[in-house]
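Topology and contacts: notes
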Amino acid sequence: MEPYLSEVLWMVILGFIIAFVLAFGVGANDVSNSFATSIGSGVLTFRQSCYLASIFEVAGAVLLGYKVSDTIRRGILDVNNYEGNERQLMYGMLAALIGCSIWLLVATYFKLPVSTTHSIVGATVGFGLVAHGTKGLKYRTLITIALSWIISPVMSGVISVTIFFIIYWLILKSKTPFRNSIIALPFVYGITVFINVLSITWDGSKCNLKLK
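Residues numbered from 1 in each chain as written. Predicted model: local features only at pLDDT ≥ 70, side-chain atom pairs only at ≥ 80, totals over all residues. Heavy atoms only, no water.

Some thoughts on the environment of F35
- With respect to the element layout, F35 can be found in helix α1 (residues 9-41).
- Note on F35: relative accessible area 17%, which makes it buried.
- Considered as a pair, F35 and Y82 are 47 residues apart in the sequence and their alpha carbons are 40 Å apart.
- Once residues lying within four places of it in the same chain are set aside, the contact partners of F35 are L44, S49, L52 and A53. (Helix = DSSP H or I, 4+ residues; strand = E, 2+ residues; numbered from the N terminus. Buried < 20%, exposed > 50% of the residue type's maximum accessible area, 1.4 Å probe, protein only. Contact = heavy atoms within 4.5 Å.)

A closer look at the packing of helix α5 (residues 116-132) against helix α6 (residues 139-172)
- Contact pair α5 / α6: the axes reach a minimum separation of 12 Å and the direction vectors enclose 155°. Considered as vectors, α5 and α6 are oriented roughly antiparallel to each other. Every pair of crossing elements has a handedness; the one defined by α5 and α6 is left-handed. On α6, the residues that touch T117, H118, V121 and V125 of α5 are L142, I145 and W149.
- Of the residues assigned to the contact of α5 with α6, the class counts are five nonpolar, two polar and no charged. (Axes fitted to C-alpha atoms, helices over the stretch in contact; angles between N-to-C directions. Parallel < 35°, antiparallel > 145°, perpendicular 65-115°, else oblique. Left-handed = near helix turned anticlockwise from the far one by under 90°. Nonpolar A, V, L, I, M, F, W, Y, C, P; charged D, E, K, R; others polar.)

Quick look at the pattern of salt bridges
- Taken as a whole and assessed by the stated rule, the structure comprises two salt bridges.
- The salt bridge involving D70 is made with R73; its shortest N-O contact spans 2.5 Å. Of this pair, D70 and R73 both sit in helix α3 (residues 66-75), separated by three residues, roughly a single helical turn.
- A relative accessible area of 47% places R73 in the partly exposed class.
- When the shortest N-O distance is used, the salt bridge between D70 and R74 registers 3.1 Å. Of the two residues, D70 and R74 both sit in helix α3, four residues apart, roughly one turn of that helix.
- Overall, the relative accessible area of 42% leaves R74 in the partly exposed class. (Salt bridge = Lys/Arg side-chain N within 4 Å of Asp/Glu carboxyl O.)

A look at the packing of helix α4 (residues 86-109) against α5
- Running from N to C, α4 and α5 cross one another at 140°; their axes reach a closest spacing of 9 Å. With respect to α5, the element α4 is oriented oblique. At the point where α4 passes α5, the crossing takes the right-handed sense. Residues Q88, L89, G92, M93, A96, L97, C100, W103 and L104 of α4 form the contact with α5, whose own contacting residues are T116, S119, I120, A123, T124, F127, A131 and H132.
- Per-class residue counts for the contact of α4 with α5 are eleven nonpolar, six polar and no charged.

As for the environment of T134
- Relative to the elements of secondary structure, T134 occurs in the loop between α5 and α6.
- Assessed through its relative accessible area of 54%, T134 is described here as exposed.
- Setting aside anything within four residues of it in sequence, one finds T134 in contact with L129 and Y139.

And the structure:
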């Protein structure tokens, strides 16, 4: 199929609108998961969290979202099955966007903290099964994704417990907690910035912007 074909322009426009709705659902659900602890502890107000989320969610998507987008785009489905029938792939991806958007909004309405990743992967897998059955999926990628869903909460739990015990013994239980916290703060900020910068420079977006 030729790129920028006028016959499918309506699908591009509709896809953009649905993607906007999906982004609204992500903001209403996933961002709430991220900032709930900060708001609950009183560190941030609801308005401040919205401002920060708007900035850093966009920055994260631009700087680090390349590989995730690429996995959803061609890592889950065997796109070779759609050669000569690209419209089917476009319809399927559009259906996946719509299904994911509806589920996120419904889950948010019922106050359920769900994952956009789970939702869009499930929607894409569902479309692939309907279109080409089991031969239309890349099982190695799906197994890797499923394992990450198991490993991520375990690893994040272990790391958070370790960090809490370090803070507990070196700061909270010390004789000078305020002084120790002021000393530790630059190190905490430095490690956080270092991890983010390393992630962006080492494995960030592959989009090359050329200035003419």
